[in-house]
Amino acid sequence: MNLTLRVWRQKNRNDAGRFVTYEAPGISPDMSFLEMLDIVNERLIEKGEEPIAFDHDCREGICGMCGLVINGVAHGQRRATTTCQLHMRSFSDGNTIVIEPWRATAFPIIKDLVVDRSAFDRIVSAGGFISAPTGSAVDGNAILVPKDDAEMAMDAAACIGCAACVAACPNASAMLFVSAKVSHLGHLPQGQPERYDRVQKMIAQMDAEGFGACTNIGECEAACPKEIKLLNIGRMNRDFIRASTAAKG
Amino acid sequence: MELKSKCPTGPIEQQWQKHKAEMKLVNPANKRKYHIIIVGSGLAGGSAAATLGELGYNVSCFCYQDSARRAHSIAAQGGINASKNYQNDGDSTYRLFYDTVKGGDFRARESNVYRLAEVSTNIIDQCVAQGVPFAREYGGTLSNRSFGGAQVSRTFYARGQTGQQLLLGAYQALQRQVGLGQVKMYPRSEMIDLVVVDGRARGIITRDMVTGKIESHVGDAVILATGGYGNVFYLSTNAKGCNATAIWRAYRKGAGFANPCYTQIHPTCIPVSGDHQSKLTLMSESLRNDGRIWVPKKKGDTRKPDQIPEDERDYYLERKYPSYGNLAPRDISSRAAKQACDDGRGVGPGGLGVYLDFADSIKRLGKKVIEERYGNLFEMYERITDEDPYKVPMRIYPAIHYTMGGLWVDYNLMSTIPGLHVLGEANFSDHGANRLGASALMQGLADGYFVIPYTIADYLAQLKGPKIDTSHAEFKKAEAEANERIKRLLSIKGKRTVDSFHKQLGKVMWDKCGMARTDAGLREALALIPQIREEFWKNVTVLGSGDELNQSLEKAGRVADFLELGELLCRDALERDESCGGHFREEHQTEDGEALRNDEKFCHAAVWEFQGDGKPPKRNVEPLEFEFVHLQQRSYK
Ligand SMILES: Cc1cc2nc3c(=O)[nH]c(=O)nc-3n(C[C@H](O)[C@H](O)[C@H](O)COP(=O)(O)OP(=O)(O)OC[C@H]3O[C@@H](n4cnc5c(N)ncnc54)[C@H](O)[C@@H]3O)c2cc1C
Ligand code: FES
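Residues numbered from 1 in each chain as written. Chains lettered and ligands numbered in written order. Predicted model: local features only at pLDDT ≥ 70, side-chain atom pairs only at ≥ 80, totals over all residues. Heavy atoms only, no water.

## Some words on the packing of aromatic side chains
Residues and elements named next belong to chain B.
Piece 1. According to the stated counting rule, one finds 31 aromatic pairs over all chains in the structure shown.
Piece 2. With a centroid separation of 4.6 Å and an interplanar angle of 10°, the aromatic rings of Phe62 and Tyr186 are classed as stacked. Of this pair, Phe62 sits in strand S2 (residues 58-62) while Tyr186 sits in strand S5 (residues 183-186); the two residues are 124 residues apart in sequence, bridging distant segments of the chain.
Piece 3. An angle of 15° between the planes, with centres 6.4 Å apart, marks the rings of Tyr374 and Phe378 as stacked. On the criterion of helical spacing, the pair formed by Tyr374 and Phe378 is a turn pair, its members being four residues apart in helix H11 (residues 367-385). Taken as a pair, Tyr374 and Phe378 share a single burial class, namely buried. (Phe/Tyr/Trp six-rings, centres within 6.5 Å; stacked < 30°, edge-to-face > 60°. Helix = DSSP H or I, 4+ residues; strand = E, 2+ residues; numbered from the N terminus. Buried < 20%, exposed > 50% of the residue type's maximum accessible area, 1.4 Å probe, protein only.)

Have a look at this one:
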C-alpha cells in the first residue's frame, strides 16, 4: 500500500509544533502500525532527517506505553485495540493518516508524539493501593473471594494506564482510569478497610493534576483498549458520595 | 575471581532458616541512614523497592519507561508457580524444588532452588493481600492450572494477564512508598554505568532520557533488577526497550557473567510474517493445557488443516512423550517443533510453523470455557494474524523468550563486586539451563519480597568506611566516560541505521547460536560479530543531539553493548561442549535427539571475567554439587 502521513512534530515542550507530511509507499498490510512507523523512521534517518519520536515498549497491548491519536481517534478506529496492536490491514491503499499525540493539559508534550503521563503515577501514590506490607499476609485461601467478585475486580484491573480515556474525553477527564482502580480494589474483601479513604485521596489528586470533570459523554469507554466500563465511574461516584457524607458525620 | 557461593550447609529444608538466623540485622532506627539504589521496577526491582522502603531504608529506583508499571514483567501471561498443594495432588516444597532442578537439566544450585520453592507460598499470600485478582473457584478459593515440566497443578493465574496483575500489585506497593517519601522514583532514566569505589559498588551513572543530562547517584548498595538480554537476538518476545546495558556495564566493571549461553526458546510464539517484523509475540504456555500440537504426517502437505484427517496428523509431543504430552518442557518442545519443520512437515508460509489446535477442547468443554481461560490470548492472535483460532488452529513457532544466564550471584544474591546485588532475570541463579514455565515470576518476587530484604541487611550491617558523595573522583571519571561515549556515537555520522546493525547481529545469533548450535557455526559467529561491531563504530548514524529525548541514541548505546555481549554468548556456547537444557550442541545428542549432558566435564557454572577491551575474557567455574537430587538423564517420556 502507498500511504500519506500527516504527523505532529514538536521539538520539545516549548516548541509550538506543526504537522509534517510524509509519503509512506510500499507498506505491507501485515505490518503493525508501529512497524509502519519504524519503516518511515528508517527511511527518514537514511535521508538524514530526524526520526519521529513515539512511545512504545511491549508491542503486544499490555504495557500501556504506546498511544497515538490516529485520524482523530485515540489508538485508532479499531475497537479494543492499542496502537501497537493495530495492523495496516485496517487501512487502504491511498489513505491519508493523521497522527497526533495525546492532548491534555495534564499531559505536557515532551517531543513529537511523546507525552508526560506521570500524573497517573501520582494519583496511584495518593491512594491507589491496599496497604499490605511484605510479610504481613495471611494464607491465600484464608480470604475467600466469590468468583463473580474476582471476575469483576479483574475486569477493572485490566486497565493498562495508557491514558487513551483522557485523550478521548472532550474534558480530558481521568475518571475512567481512577474509577477502574477504585473498582478493582473495592470489589475485593482485602480492599474494604481503605475503601472510602482511597476514593477521596485519589480524586483529590486527580483534581490537583488538572484533569477535567466527567460529563457522561462516554468517549473514554469507546476508546479504551481494554474495554473498561463506564459503570466503574458510577460506582466510584457512589463511594465518593458515601465517603464525603461519612466524613461530614 | 573468587566464587564463594556462601550456601548454608546441613539438611536442605533447614538451610534458609538457619541462614536467616545467622545473618546480621540493621536496627530499625539505622535503616534510614542507608541509601539503596535499585535499577529496575519489574517484579524483582519493584517488589524489592517497595519492601525495602517499607522497612525504612532510603531507596532510589530507576526505570527506562515513563512509569514503573510498564516494566516488561507486565507482559507475562500464563501464571506463577507455588507449592501450596491446594489441589491436594501431591505437591510439596520438595517436589517444586525437584521439578525445578530437573527442569533446569541439573545446572542450578540446589540451595538456591530449595529456598525459591520454600518462599513460593509466601508470595501467593502476599499478592492476595495486595488485591491481586487471581482466578477463583466458585467456593471462593484460589484456582490453579498446569504448566510444562510438572505433573501437579500449581500455577496461580489472573486470566492471561498474570504478570500484569502481579506487577500492578508490586507497583502499587511501590507507589505507596513513593507517596510516603521512602522511595524516590526516577522514570525515563537509563543506567549507563556502574561506579565502583575501593572495590565496592557505590553508585550508578544515569542518562535522563528527557533532558539528556548525565547524572551520578551514590548509595551504600546497588541492586540491579534489569531483566533479561533476549534482545541480543533482535527478534524476541521481550519488549523493544529490554536491554543488557546495566548488567553489561557491571560485567565490564568486574562482575562475573554466568552461563550467557543459557537462553530459552519458547515453543509457542506467533511465526514471523516478514522482514518488517519488529518483535515476536508469545502465546502462553498455558494454552498447552487445552491445545494439541500437531503437523501433517506427510511432507509438504499444503491442504488446509481441516482437510487433513485425524490419521494423517502427527501429534508429535503426545507420541514422543506420552506421560507429559503437550506439556513437555520448553526446550524439548521447541526442538521437537524445529525437527518437524526441518523434516519438511512445517505449516504456513515458509513451512516455519506447527499447529496448536483447540478443536477437541472446544468440543469437550464448549467455546465459553475456552474463552474464559484464554480469551485475551485468542484475541491477540487474531489481531496479529487475522485468523480466528476458535475456528482454525493457531500456527506457532519457537522464539527467543528468556535468558537463564546473567550476572553471577552468591546465595545472598550478591555479585562478585561487593555491594552489587542482582535480582530477577538479570541474575543466573535458579533455573539452570532451562526455566520451567511460571517460575520466572516466582523467582522475581522471591528475590524482591523475601530474599534481598534479609541479605542486604547482612551486607549493610558489616559495611565500614567513610560515606562518600558524587564529587568522588570515580564518579567524575565515570561521568566523563559516559559523556565521551555519547559524543562518539553522535559524531560517527555514518550511513547505516542502528536498527540495521541490530538486525544483522540478531540474524547471526539466531542462525548460529539459536535452537541448535555447532562448533563450526559458533566459530563463524565469533568471526562475524567483531566485524559487525567494527563497522558499527565506523558507519552507524545517530541523528539529533545528546541533550534532548533521542531514541536513536538510546538504541545505539544498547546495541553497542549487545554487540559485545553477543560475542561472549557465542564464546560460552562454544566452550560448553555438551548439550544441556536450552543449550543444544548438535554434536551431543542421544539417539532420539535429546540433549546429552557431560557431567564429568561440565557440571559447573561458567563465570566469565572481563579482562579489558580486545582481550579474551577469562572463564572461571563454580562446581555444582548435587546432594539431594541425583544427577540423571532427564526423561519426560
Ligand atoms: C511475553 C512474556 C511472557 C511471560 N510469561 C511468563 C509467565 O507466564 N510466567 C513466568 O513465570 N514468567 C513469564 N515470563 C518471564 C517473566 O515475565 C520475566 O522473566 C520477569 O518478569 C522478569 O522480571 P524482572 O523484574 O527481572 O525484569 P523486568 O520486568 O524486565 O524489569 C526490568 C526493569 O529494569 C529496567 N531497566 C532495564 N534496563 C535498564 C537500564 N539500563 N536503566 C534503567 N532501567 C533499566 C526496566 O525499566 C524495568 O523496570 C514471560 C516473559 C515474557 C517476555
Ligand atoms: S507498546 Fe505496550 S501497549 Fe502498546
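## What to know about the domain arrangement of chain A
Residue and element names in this part refer to chain A.
Piece 1. Each assigned domain of chain A is listed with its residue range as follows: domain 1 (3-110) and domain 2 (118-248).
Piece 2. Put simply, the middle of domain 1 and the middle of domain 2, counted by C-alpha atoms, are 29 Å apart.
Piece 3. Counting from both sides, the interface comprises 17 residues of domain 1 and, opposite them, 19 residues of domain 2.
Piece 4. Of the roughly 1200 Å² buried where domain 1 meets domain 2, counting both sides, 63% is carbon and sulfur surface.
Piece 5. Taken together, the links from domain 1 to domain 2 amount to one salt bridge. (Domains from an automatic or database assignment. Contact = heavy atoms within 4.5 Å. Buried area = accessible area lost by both parts, 1.4 Å probe. Salt bridge = Lys/Arg side-chain N within 4 Å of Asp/Glu carboxyl O.)

## Digging into the domain arrangement of chain B
Residue and element names in this part refer to chain B.
Piece 1. With domains assigned, chain B is organised as domain 1 (268-400) and domain 2 (481-608).
Piece 2. For domain 1 and domain 2, the distance between their C-alpha centres works out to 29 Å.
Piece 3. In this assembly, 12 residues from domain 1 lie in contact with 10 residues from domain 2.
Piece 4. Between domain 1 and domain 2 lies a buried interface of about 850 Å² when both sides are counted; carbon and sulfur atoms form 57% of it.
Piece 5. If you sort the residues of domain 1 by the area they bury against domain 2, Asp331, Arg335 and Lys338 come out on top, with a joint share of 50%.
Piece 6. Taken together, the links from domain 1 to domain 2 amount to zero salt bridges.
Piece 7. Along the contact surface separating domain 1 from domain 2 lie two residue pairs in polar contact (both at pLDDT 80 or more).
Piece 8. Where the side of domain 1 that touches domain 2 is concerned, the elements lending two or more residues are helix H9 (330-342) and strand S15 (394-403).
Piece 9. Ranked by residues supplied to the side of domain 1 that touches domain 2, first place goes to H9 with six residues. (Polar contact = N/O pair within 3.5 Å; in protein donor to acceptor, adjacent residues only side chain to side chain.)

## With respect to the pairing of strand S8 (residues 214-218) of chain B
As a general feature of sheets, a regular strand has side chains that alternate between the two faces.
Residue and element names in this part refer to chain B.
Piece 1. Counted residue by residue, S8 has four buried out of five residues, so it is predominantly covered.
Piece 2. Inspection of the sheet shows strand S7 (residues 200-208) paired to S8 by five bridges, in the antiparallel sense. Residue pairing in the sheet places Arg207 in a bridge with Ile214 of S8.
Piece 3. Counting the residues that bridge the hairpin from S7 to S8 gives five residues, and of these Gly212 lies at a positive phi of roughly 80°. (Pairing = 2+ DSSP bridges.)

## Some remarks on the pattern of salt bridges
Piece 1. What the rule picks out here adds up to 80 salt bridges over all chains.
Piece 2. Each of B:Asp105, B:Arg107, B:Asp331, B:Arg576, B:Glu578, B:Arg597, B:Asp599 and B:Arg634 takes part in a single network of salt bridges with overlapping partners.

## Some thoughts on unusual backbone geometry
Most peptide bonds take the trans configuration, and most residues that are not glycine carry a negative phi.
Residues and elements named next belong to chain B.
Piece 1. Even without a glycine there, the phi angle at Asn85 is positive, about 55°.
Piece 2. With respect to the helices and strands, the residue Asn85 is situated in the loop between strand S3 (80-81) and helix H4 (93-103).
Piece 3. Classification of Asn85 by relative accessible area gives partly exposed; the value is 28%.
Piece 4. Positive phi, close to 45°, is recorded for Asn259, a residue that is not glycine.
Piece 5. Along the chain, the position of Asn259 falls in the loop between strand S10 (257-258) and strand S11 (263-269).
Piece 6. According to the relative accessible area criterion, Asn259 is buried, its value standing at 2%.

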